[in-house]
Every structure is written in C-alpha cells, then in structure tokens.
Amino acid sequence: MPIHQYYPKWGVLKKTNRVFQLLYIFKKQFLLFLLLKTSPSVFKGKILSKRGLPEDFGPTLMRKTFEELGGIFLKLGQMLATRFDYLPHTYCLELFKLLDSVPPFDSDTARKITELELDTTQYDIDFPPEPIASASFGQVYEAVFNNRIVIIKVQRPEIEEMVKTDLFFISIFVHLIDLSTIFGQITIYPLFNEMRGFTLNELDYVKESTHAKRFYKQFKEYDSARAPRIFAETKRVLVMEKMEGTWVDDLFDLSGKKTKCRKLKKIDKEIVSKTLLHNTLRQTFEDGFFHADPHPANILVLSEGVIGYIDFGIVGNMPKEFQTNIYNYFFSLSNRDINNAFKNFVIMVNPPSNKDLSDFESEFKGNVSTWFNSLESEEDTITQKSAMALILSNMNTLRRHNLKLPEVVVSFYRTLSLIDIIFQQLSPNLNILDEMRTYFAELTLKRSIINEPPEKIIQILVSWHELIHKLPEQLQKLAAKQEESQNTKSSKFDLYSSTHNIFMALSWLSVAILAGVLIVHNKSFLTKWVEMIFIDQMESNWIYVNLALTFVFFQWIRRLLSRKL
C-alpha cells in the first residue's frame, strides 16, 4: 500500500486551495452572523430553522465554524472551551462539545494506517470498528494488542500538511498585525512562534512517547499521579496502557444540574483540585519537568483520587535557576509580601539595567494589592479571585512597559491558568494561594532535615545540646553587656537584634526536633508547624514561643533516647 495515499505531500496548488477554503469559511460565517443580527425576526426565524441553529445562535455558530475550519482551528476551539475567564458560560459549554465530539474520520482508514505504521508480524492487533473518541489531530481506539487491552492513537490523514498550511496562513496574519503596531511596540509573532513549536511537536507521536516514558518513570516516586505505559510508537501511531477512571471534564457541572451518577458523586472534587495542583508544583519545583497541558480532557481521576495524565505533546522543562526564581516569587505571594514579590518578579523579567521601573513597580504592586483585596472580598466574583486574574493583569502590565517573561515562565503560567480553570469549576471556594502555601511548607521540610536518616537526626540533636545547655549563661552575659552599654553614650546595643540569630537557629532546631517527632507523629501536624515558623512573618512573639517549645521537645526527645539507649 503506497504511503502517499495517507501521507500526501501537499503541492502549491493544494496549499493555495486550503488558504482559499479558510478565507471562504471565514467570509461565509461572518456574513451569516451579520445577516442574523440585522434581519427582521420573521426572516431570522426562517434562517435559524434552515440552518438548524437555536435562538441563541452565537455559541452554536462558533462551534460549527471551528468544526468546518478543522486543523489547528479545531484545536483553538478546544482551548477556548476551557477559558471561562474569556468567554461567556454558554459559549464554553457549547465549545466543550469539541473536546469529545469532533467529527471522526473513517475507521477502516485508521486501521490501515495502524497496519502500515506498525509491524503486523511482530504485533497481534484486534482493531475495533468504531473509535471511543475523536480529537483535533487524531482518533482514539480501545483495541486488543498482543492479548492486552490498550489505547491506540491514530493521527488523522493529511493533518500534518493541513496544520503546516494553517500555520503559514496564520503567520501572515500575525505579521500584518505586528506591522500595524496595533499593540504598540509589543509584537505577538514570538508568542505565535512558541505556539507553532508546541503544535508541531504534538504531531510527532515519537516525541510524545518519549515524554510519556519519562513521566511514567518520574511518577513512580509519587503516590498521587500516574502515566500510562507505552507499548509501541511511530510518528503517527501510539499504543499505550488503558487507565480506568473518570475524566475531569465529566466532573464539571456546566449545566447547573446536579449529577445523578453515583460514580461521580463519590469523587471529592476539592481533593481532585488540590491533588492536581500539588502534582504540578512538585513536577515544576522538584523534578523540573512538568505536564504543560493539563486541560480537563487530558486528566483522569483514577481509584483512590490518583490523577492519571494523558496526552504528553506539550511539556515544560524548568531549569534550576527558574525553579528558584518562581519559587521565591510565589513564596512571597503566599506570604502576602508584595515588596519581595516584586523583587523576585523583576529577577524573572530581567529588564535592561538602564530601564526606569518606578511606574512598572507601582502598577505591579497595584495589581497584586487589588488581587489580595479580591481574595478577602465577599462581593467579588470567582474569576476576580482566580490566579488567572493576577496573571493576566501582570502580563498586560508587562506589555505596556515593553517587558516580557522568559518562555519557560510563560509556559508555567499557562499551566497554572489551566489548573485554575479546574479550580473554578470543581472547587470555586478553594484558595489556590493557600494551597500553594501548604505545598511550600512541605517543600521546606523536604529541603531541610526531614530527608535525613534517624541516626543523622540524633547526631544533630546531640550537637545542639551543648548550645542549649549553655544558653542561660550566654543570655546572662548578653544582659550584662546590655546594662553596660546603657551607661556608654557612644555605644548602642540592642538585646533583641543581638539574640535574633540565636533564636532563628533555635527555630531551625525546633524543625529538626520535630523531624524526629515525625517518627511517631503525623506529617500534617509537622507541615502546619513549618507554615507557622517559616511562612508566617517571623514576629518576636513566635520566636519566644518556639524557644519555649524547643526546650519541651528536646527534653522529650532526650528522655526517649535515654530509654532506647
């Protein structure tokens, strides 16, 4: 069977025909929209009836336009389906049909493509007559592969050539926008170029397979995430393990009616949101490799609340230096420290050394303050309280001041915004900032003494014993020095500032001791303790409380160890 039958190389004529097809569809749908908007009600009713459109024709017309355009425009419609912050609810609800109701291509063609791509002498494949899902770039089948039930993704015929032509058409449009300077000095072509890279990567199932295998290995260290095993792959066919679960978009109560499905009722939506966020933060800040397209149709809820990931075409690589910068920025936000948040944001932006940032600083801090106020307000909407609201306002501020973030940071922002959309639908009252705060507390533990073996913890405690034993004597000397300095006009001595480092060290000691206590106590208690010490502001009262509790815990540990020894 000739390969060009399914993977034809488009010539100039066919590419030109595709461009004219796009222009024709745009013109036809736009004229139809104007006709419906301006026609008298009698004629409008006849047109709606003939076209099969409802009275509120806007959402349906938009969906049908994306379906007719196909290719990359179908992918754009799927992306817009999740953008409740951009589009009205009715539009998102209609576009959601594009996530699982894309017109399928012939299954016999899909079977022949699979046989052409895979070595049928090596693999025994029982191909089904109908797909279980049809997506913008491919079609999904539940098949039997070497006596194992699997999922087979088959790429649409001619989709690669169609997408490349669409991208060329869009690139011309984007260039014209940049030449018009409609957005001032900000150019949108770099953003389009990034999107083009993501899109072309999604057309190569070998790359997706490489990502999936890496996540499969990475998630072995997780207790809340899974990726499917890969059994075979080519550029256009991917065979993977079937994971049983519930799709996250099935949990969305878009119609406003309570679901009658018992299976869905048993799933704690708030736990799903928290788990998904914590998984993404762990991938970003600990592994440096994260799933960058966690939209609702790519996420499964497996048994016991485990998150199952599919579709690994878009991923993010987070270098160590950016891990630190983003961590410090969100750490400051979680602590509501606007000044430090701005400092860390500027580090990520890396502006020219001679650029005046005073106006940018004022606008940035205003955005953050407004967002903090929204979080506390009972009148503001969920959208105003969302993380996406802050991200969008800061991105607009960057554009106005001719500044931009690195691509890897933008990729993380996009990922966070997709998760925030899931938050808005599944658990609208959940504060994403508070959840990030909890994660940072856990990460602080991981990066401190908690990963040390018990023997090491004991050594650390013993090494600190002498300091604690001599502490009263040291404090008496400091007090004497304080009294002496009061009689000396030229000398200034502050007891609190002088003992601050000691108390800070003792605060760290309390964490070390509590890490030992973790052997016999639960993790959540310890996490809350670290939140109190390291994420809340280090007020003097808490330092003295930590000091007192340190002695109590040390005595408890000492007695416990003396019994053991």
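Structure first, text after, so check above.
Conventions used here
- Residues numbered from 1 in each chain as written.
- Predicted model: local features only at pLDDT ≥ 70, side-chain atom pairs only at ≥ 80, totals over all residues.
- Heavy atoms only, no water.
- Buried < 20%, exposed > 50% of the residue type's maximum accessible area, 1.4 Å probe, protein only.
- Helix = DSSP H or I, 4+ residues; strand = E, 2+ residues; numbered from the N terminus.
- Patch = residues over 30% accessible without salt bridge, like charges linked within 9 Å, V, L, I, M, F, W, Y side chains within 5 Å.
- Areas by Shrake-Rupley, 256 points an atom, 1.4 Å probe, with all protein chains shown as cover.
- Salt bridge = Lys/Arg side-chain N within 4 Å of Asp/Glu carboxyl O.
- Pairing = 2+ DSSP bridges.
- Core = buried A, V, L, I, M, F, W, Y, C linked by side-chain atoms within 4.5 Å.
- Contact = heavy atoms within 4.5 Å.

**Q** An account of helix 4 (residues 71-81) is needed here, citing residue identities and associated values.
**A** Taking burial as the measure, the 11 residues of helix 4 include eight buried ones, the bulk of the element. Of the residues making up helix 4, those classed as buried are Gly-71, Ile-72, Phe-73, Leu-74, Lys-75, Gly-77, Gln-78 and Ala-81.

**Q** Which residues make up a nonpolar patch on the surface, and what are the values?
**A** Taken together, the side chains of Phe-30, Leu-31, Phe-33 and Leu-34 make up a nonpolar region of the molecular surface, amounting to roughly 360 Å² of accessible area. With respect to the element layout, Leu-31 can be found in helix 1 (residues 12-38).

**Q** Could you give me a rundown of the pairing of strand 3 (residues 138-145), with the residues and numbers involved?
**A** Of all the eight residues making up strand 3, six are buried; the element is thus mostly covered by neighbouring parts of the structure. When strand 2 (residues 133-134) meets strand 3, the two strands line up antiparallel, connected through two bridges. Looking at the pairing, Ser-134 lines up with Gln-139 of strand 3. Direction of pairing for strand 3 relative to strand 4 (residues 148-155): antiparallel, over a ladder of eight bridges. Bridge pairing in strand 4 places Val-144 opposite Ile-149.

**Q** Before we move on, could you go through the nonpolar core and cite the residues and values that matter?
**A** Soluble, globular proteins show a tendency: their nonpolar side chains are buried together. Grouped together as the largest cluster of nonpolar side chains are 97 residues, with contacts concentrated most on Phe-285, Tyr-329, Phe-330, Leu-333, Phe-345, Leu-405 and Phe-412. For this core, the element with the most residues is helix 19 (residues 407-426), which contributes 10 residues. Apart from the residues within four sequence positions on either side, Leu-405 is in contact with Phe-345, Met-348, Val-349, Met-395, Leu-398, Val-410 and Tyr-413. Ranked by size, the runner-up nonpolar core spans 15 residues in total, among them Ile-113, Leu-118, Tyr-141 and Ala-143.

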